[in-house]
Amino acid sequence: MHRSQTRPQIVHVITNSFEIVRTFLRPTVITPEVKIPRKRQEIIHKLQTVVAPEIFSPRAVYDGNLLLYSSRPLRLIGGGTGSFDVSLSQVLPATNVTQIRGVFHVKITETIGETVRTADMTRLITGRQADTKTLTATNLLQLLIRQEPNMKYVNNGRAYFTPEGSRAIGSGLELWRGYFQSVRPTIGRMLVNIDTTVAAVYAHGNLIDVCLSFLDTRNVRVLALKEGDAQFRALEKHLTKLRINTHTTGKRVKTIYGLVPSAGRFVFTKDEKETTVQDYYQAAHNKRITYPDIIGVLLSPKKSECPTVVPAEICTVLPGQLFKKKIPDHLTKAMVDFATVKPADRLRQIVTGDSGMESPVKSYANSEFLVEAGMVIQTQPLTITGKILETPTLWFGDKQEMVLVKHSIDHLPTDTDPPIGILSGIGSAAERVSNQRLEFLK
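Cut-offs and rules
- Residues numbered from 1 in each chain as written.
- Predicted model: local features only at pLDDT ≥ 70, side-chain atom pairs only at ≥ 80, totals over all residues.
- Heavy atoms only, no water.
- Helix = DSSP H or I, 4+ residues; strand = E, 2+ residues; numbered from the N terminus.
- Buried < 20%, exposed > 50% of the residue type's maximum accessible area, 1.4 Å probe, protein only.
- Contact = heavy atoms within 4.5 Å.
- Pairing = 2+ DSSP bridges.
- Axes fitted to C-alpha atoms, helices over the stretch in contact; angles between N-to-C directions.
- Phe/Tyr/Trp six-rings, centres within 6.5 Å; stacked < 30°, edge-to-face > 60°.
- Parallel < 35°, antiparallel > 145°, perpendicular 65-115°, else oblique.
- Left-handed = near helix turned anticlockwise from the far one by under 90°.
- Nonpolar A, V, L, I, M, F, W, Y, C, P; charged D, E, K, R; others polar.
- pLDDT = per-residue confidence, 0-100.
- Expected span 1.5 Å × (residues − 1).
- Bend = angle between axes of the 7 residues up to and from the residue.
- Core = buried A, V, L, I, M, F, W, Y, C linked by side-chain atoms within 4.5 Å.

What follows covers the overall build of the protein chain. The number of helices and strands found in the protein chain is 11 helices and 27 strands. A buried classification covers 38% of the 442 residues belonging to the protein chain. The long-range share in the protein chain, meaning contacts at least 24 apart out of those at least 6 apart in sequence, stands at 64%.

On to the pairing of strand β12 (residues 189-202), then. Burial analysis of β12 places 10 of its 14 residues in the buried class, which makes it a mostly covered element. Inspection of the sheet shows strand β11 (residues 173-186) paired to β12 by 14 bridges, in the antiparallel sense. Looking at β12, one finds that Arg184 is bridged to Leu191. Between β11 and β12, which pair antiparallel in sequence order, lie two residues; one of them, Gly188, sits at a positive phi of approximately 90°.

The next thing to look at is the pairing of strand β5 (residues 67-70). Relative to β5, strand β4 (residues 61-62) runs antiparallel, the two sharing two bridges. The residue bridging Tyr62 from the neighbouring strand is Leu68, located in β5. The loop that links β4 with its antiparallel partner β5 comprises four residues; one of these, Gly64, has a positive phi angle of about 85°.

A few words on the sheet that holds strand β16 (residues 258-260). On the basis of which strands lie adjacent, the open sheet formed by three strands has the order β16-β19-β20 and antiparallel pairing. In this open sheet, the two edge strands, each paired with only one partner strand, are β16 and β20 (309-311). Going from strand to strand, the sheet's axes swing by 35° on average, the running direction of each strand aside. Bridge count for strand β19 (residues 296-298) against β20 is three bridges, and the pairing is antiparallel. The residue bridging Val297 from the neighbouring strand is Val310, located in β20.

Okay, the packing of aromatic side chains next. Applying the stated criterion across every chain yields a total of six aromatic pairs. Ring centres of Tyr153 and Tyr160 lie 5.2 Å apart, and the angle between their planes is 15°; on these two criteria the pair is classed as stacked. The exposure class of Tyr160 is buried, given its relative accessible area of 3%. Ring centres of Tyr160 and Tyr179 lie 5.8 Å apart, and the angle between their planes is 50°; on these two criteria the pair is classed as tilted. Remark: Tyr179 occurs in strand β11 and Tyr160 occurs in strand β10 (residues 159-170); sequence separation between them is 19 residues. The structure contains a cluster of three or more aromatic residues connected by ring pairs, namely Tyr153, Tyr160 and Tyr179.

Take the packing of helix α4 (residues 207-215) against helix α5 (residues 230-239) next. Look at α4 against α5: their axes get within 11 Å of each other, and the N-to-C directions meet at 120°. The angle between α4 and α5 places the two elements in the oblique class. Along this stretch, α4 crosses α5, giving a crossing that reads as right-handed. Along the contact surface, α4 presents Leu207, Val210, Cys211, Phe214 and Leu215, while α5 presents Gln231, Ala234, Leu235, His238 and Leu239. Split into classes, the residues belonging to the contact of α4 with α5 amount to eight nonpolar, two polar and no charged.

Further remarks concern the sheet that holds strand β13 (residues 205-206). Strand pairing in a sheet is mediated by backbone hydrogen bonds. Such pairs are either parallel or antiparallel. Taken in spatial order, the four strands line up as β13-β21-β14-β15 in an open sheet, and their pairing is antiparallel. Each end of this open sheet is capped by a strand with a single partner; those strands are β13 and β15 (254-255).

Let us now look at the confidence of the model for the protein chain. Across the protein chain, pLDDT averages 78, with 75% of residues at or above 70. A low-confidence stretch, residues 91-100 (pLDDT under 50), is modelled with nine contacts involving residues beyond four sequence positions or located in other chains.

Moving on, we come to the side chain of Arg40. In this structure, Arg40 sits in helix α1 (residues 37-51). Overall, Arg40 belongs to the buried group, its relative accessible area being 14%.

With that out of the way, let us pick up helix α3 (residues 132-152). Relative to the 30 Å expected for 21 residues at 1.5 Å per residue, α3 spans 31 Å between its end C-alpha atoms, a close match to the ideal helical length. Within α3, the axis deviates most sharply at Arg146, by approximately 45°, and proline Pro149 lies no more than four positions further along.

Membership of the largest hydrophobic core comes to 43 residues, with the highest contact counts inside it found for Leu207, Leu223, Leu235, Leu239, Ile295 and Val297. With residues near it in sequence (within four places) discarded, Val297 still touches Leu207, Ile244, Ile256, Gly258, Leu259, Thr308, Val309, Val310 and Cys315. Judged by nonpolar contacts, the second largest core, of 22 residues, contains Leu141, Val361, Leu370 and Ala373.

Turning to the side chain of Gln142, a few remarks are in order. Considering the arrangement of structural elements, one finds Gln142 in helix α3. Its relative accessible area of 14% is what places Gln142 among the buried residues. Setting aside residues up to four positions removed in sequence, Gln142 forms contacts with Gln181, Ser182 and Val183.

This paragraph deals with the environment of Thr81. Here Thr81 shows up in strand β6 (residues 81-87). You can call Thr81 partly exposed: its relative accessible area is 26%. Between the C-alpha atom of Thr81 and that of Glu110, which follows or precedes it by 29 residues, the distance is 6.2 Å. Among residues more than four places away in sequence, those in contact with Thr81 are Leu76, Lys107, Ile108 and Thr109.

For Lys241, which is not glycine, the phi torsion reads 80° and is therefore positive. Its place among the elements puts Lys241 in the loop between α5 and β14 (243-246). Its identity as a non-glycine residue notwithstanding, Asp271 has a phi of 55°, on the positive side. Here Asp271 is to be found in the loop between β17 (267-270) and β18 (273-276). With a relative accessible area of 63%, Asp271 lands in the exposed category.

Below, the structure is given as C-alpha cells:
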C-alpha cells in the first residue's frame, strides 16, 4: 500500500553533553542507623558544609544510601579512612558526642576500584552492551543533576517540588508543582529528559486550621472528639508521623505519634504531683490553653510510660511534607485539573520556569556539582525531525474500502469477514496469514 510523506513534526527533548574525567566511590557508614533518607541527606550535608568543609572541597555527591562520589581524592587524615561526629543541633557538643542524642558518627572509607570514567558512557551510547560500569556511570549522572535541587527543595528523590503557585484542595492537602529529571542514554549521546509534575502535600500552618480543613468545617468545637469517634480515627490516621513545631520548643522538630482527646485536661505526674496539661502550660510557660476540650497530639510512642501530650492550638505543621498515600477519590478531579498543562506552557515552564518556579535548565550552569564534574548541558530543547505517515486505507470483505478521516471512521462496512483464529506456529503463521489475506480481499 502506498504511503506518502507529510511535513515533519517537531518534538522537543532536553539534551546534555558531559565530560567526567575521574570520579571516586567512597563507602559511608552512619551510626546509629538512620532509616529516613531526608535525615541521611541532612547529616551528609552538614558534614560537608559545617563539620569538615576543608576536606570536602569541592563537595562530594551523596547517593542517599552508602556512597559518596567525588571528583578528586579526599584529604582524609586516617590514610583513606575518616571518622566524623555530626550533630544536627545548632551547637556542637564538646563532650562524648557519640552518646548524645542527635549526634551521628560518620565513617568514610576510600576505594578506587570502581572509578567512573567518560569511556564507560562512550561504550553505552555507541551501541555496545550495558554493564555494571555503564550503569554506575548513568546513576552518577542522575545524582549530579538532582543533587543541588534536592538539597534546596522538597523532593522524593526523583523529582523536586516548590510551594510557588500551590493550591489548597481541602481535606488537609495542598498541590505543589515540580520538575522530574532523568538521564537517558540514546544512540550517540546522553539526554536529560525533563517534565513537569505535581505532588500532594500536607497542608501546613496552625494544627487546628489543618484539622478543620481535613474535616471540612470552621467550627473548632467539632474537634472535641472522643477516641471512639470515626472522625477521631480518620484524623489520627491523617496526622500520624507528621513533623511539627510547638510554641514552647522553638524550631525543634517533633513527630506526631497519635491523638489524645481533651488534651488540655490530660493528667500526668510532674515532680511527684499530679497536674493537667492546661495547668502545666499556665504555670511553666504562662500560656493559657483556650480549647482544653479539643484533641491534642501525642509526641511520644503510644506505649511510652511517660506520654508527652501537647494541645493542638500550640502546634504548627511544618511545610513541604509529601502525602504518599492514595489521593481521596473526591479530590481526583482537582488533581487532574491542576496537573493539566498545555504543551506550549509546559515547555515554557521547563525551559524558563513559571509562577516563581526556577527551571532546572537555568540552574545547570551554576551547579557546583555539575561544574566540578565538567558536565555541560544544553539550555535549549533538542529539535528532531520526524515524518507523519499517510493514514492507511482499510479493506473489508467484498472489496469494501474504509477511509479514516481525521482519526475517525468515515463509515463502517456492514459486510465483514469472520475474525482470524489464533495461530499456533511461527512457521505456519506466515503462510496462513498470506492465504487468509488473499481470501479476505476476494
